[in-house]
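Here is how the chains run, residue by residue.
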Amino acid sequence: MSKSAAAAATPTQPTAVGRLIVFTGPSGVGKGTLLRQLLARHPELHLSVSATTRNPRPGEVNGQHYFFVSRPEFEQMVADQQLLEWAEFAGNCYGTPRGPVEAQVQAGQWVVLEIELEGARQVRNFFPEALRIFILPPSLGELENRIRQRGQDPEAAISRRLDRATAEIAAADEFDVQIVNDDLDQALAELEAALF
Ligand code: ADP
Ligand code: 5GP
């Protein structure tokens, strides 16, 4: 390539259009489990790391699972408009840091947000082209079993999560795709079919 063609190509190349994928479903339905497998199979997907005021669960690493921040720090992020969306869930605040997501989508990458219902609604308002996927449990009883099996939430947090689950499940129709996570492999196959 001549020097002038190279110079012309660099700044004027159109930016590839990335994709925002929103992944929602009641706590304990298996979103994290499904996403871990999906990301292992598709390294081109980037999972956004959220900020939260909740305490880390055993084994959770700051900056990897979440950015664990104090409530004043979270409030400062909101005031500085550093969050793309945020919501309060079961007594704690959760939000998506704006900078990394905007940069990745502008760079043409596929970014996954694993967020609850209120945040998903905010994303629909400012990014209607996002693909929004809702994960359903086979039943409320099985959802409770899974939250308890995970064994990482105190009893009060479990009941807050279950209280919220019914309202979240009632909103599943707002989403582009609904997947029941009964058999994990089948749910993963349906997820891949929706994405690729
Ligand atoms: P979430 O991220 O939605 O809160 P997790 O991925 O932490 O949920 O899963 C909650 C629990 O349910 C975990 O113990 C996980 O191993 C289990 N689980 C996930 N998917 C299934 C499934 N299809 N069948 C049975 N158990 C599952
Ligand atoms: P957990 O405490 O179980 O990790 O998460 C509780 C809920 O918060 C889950 O439904 C999860 O999807 C949601 N969540 C995690 N990060 C965010 C975020 O950045 N924004 C919003 N709105 N919800 C989030």
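In this report, the structure presented in the accompanying data block is examined. None of the values given here were measured: they were computed from a predicted structure. (Residues numbered from 1 in each chain as written. Chains lettered and ligands numbered in written order. Predicted model: local features only at pLDDT ≥ 70, side-chain atom pairs only at ≥ 80, totals over all residues. Heavy atoms only, no water.)

For the rest of this paragraph, the subject is the pairing of strand β5 (residues 83-89). Counting buried residues in β5 gives 5 out of 7 residues, a clear majority hidden from the surface. Examined bridge by bridge, β5 and strand β6 (residues 92-97) share 6 bridges and lie antiparallel to one another. Residue pairing across strands places Glu85 opposite Thr96, the latter belonging to β6. The loop that links β5 with its antiparallel partner β6 comprises 2 residues; one of these, Ala90, has a positive phi angle of about 50°. (Buried < 20%, exposed > 50% of the residue type's maximum accessible area, 1.4 Å probe, protein only. Helix = DSSP H or I, 4+ residues; strand = E, 2+ residues; numbered from the N terminus. Pairing = 2+ DSSP bridges.)

The subject of this paragraph is the sheet that holds strand β2 (residues 45-47). Sheet architecture is open: 5 strands sit in the order β2-β7-β1-β8-β9, paired in parallel fashion. Bordering the open sheet on either side are β2 and β9 (177-180), each of which pairs with just one other strand. Geometrically, the sheet is characterised by an average inter-axis angle of 25° between neighbouring strands, direction not taken into account. One ladder, built from 4 bridges, connects strand β8 (residues 131-136) with β9; its direction is parallel. Each bridged residue has a counterpart across the sheet, and for Ile135 the counterpart in β9 is Ile179. Contacts from helix α5 (residues 117-126) reach β1 (19-24), β7 (110-114) and β8 within the one sheet, and its direction differs from that of β1 by about 155°. The strands touched by helix α8 (residues 184-195) are β1, β2, β7, β8 and β9; relative to β9, the strand with the most contacts, the crossing angle is about 165°. (Axes fitted to C-alpha atoms, helices over the stretch in contact; angles between N-to-C directions. Contact = heavy atoms within 4.5 Å.)

Close contacts around ligand 2 come from 17 residues, with Arg54, Tyr66, Tyr94, Glu114 and Arg161 the closest. A distance of 2.6 Å separates an oxygen atom of ligand 2 from a polar atom in the side chain of Tyr94. Residue Glu114 places a side-chain N or O atom 2.5 Å away from an oxygen atom belonging to ligand 2. Within the complex, the protein chains bury 96% of what would otherwise be the 510 Å² of accessible surface of ligand 2. Every element with two or more residues in the shell around ligand 2 is listed here: β5 and β6. Class assignment for the residues of the shell around ligand 2 results in 5 nonpolar, 5 polar and 7 charged. (Near = heavy atom within 4 Å. Polar contact = N/O pair within 3.5 Å; in protein donor to acceptor, adjacent residues only side chain to side chain. Areas by Shrake-Rupley, 256 points an atom, 1.4 Å probe, with all protein chains shown as cover. Nonpolar A, V, L, I, M, F, W, Y, C, P; charged D, E, K, R; others polar.)

What follows deals with the side chain of Glu60. Of note, Glu60 is situated in the loop between β3 (51-52) and β4 (67-68). Within the structure, Glu60 has its side chain in polar contact with the backbone nitrogen of Arg57 (distance 2.8 Å). Beyond its immediate chain neighbours, meaning those up to four positions away, Glu60 contacts Arg54, Asn55, His65, Tyr66 and Phe68.

On to the packing of aromatic side chains, then. Taken as a whole and judged by the stated rule, the model has 6 aromatic pairs. Centroid distance Phe89 to Tyr94: 6.1 Å. Interplanar angle 80°. Geometry classified as edge-to-face. Phe89 gets classed as buried once you look at its relative accessible area, which sits at 6%. Residue Tyr94 is classed as buried on the basis of its relative accessible area, which comes to 13%. Arranged with centres 5.6 Å apart and planes meeting at 5°, the rings of Trp110 and Phe196 form a pair that is stacked. Highlighted residues: Trp110 in strand β7 and Phe196 in the segment after α8, separated in sequence by 86 residues. We classify Trp110 as partly exposed; its relative accessible area is 22%. (Phe/Tyr/Trp six-rings, centres within 6.5 Å; stacked < 30°, edge-to-face > 60°.)

Coordinates in, geometry out; function isn't part of it.
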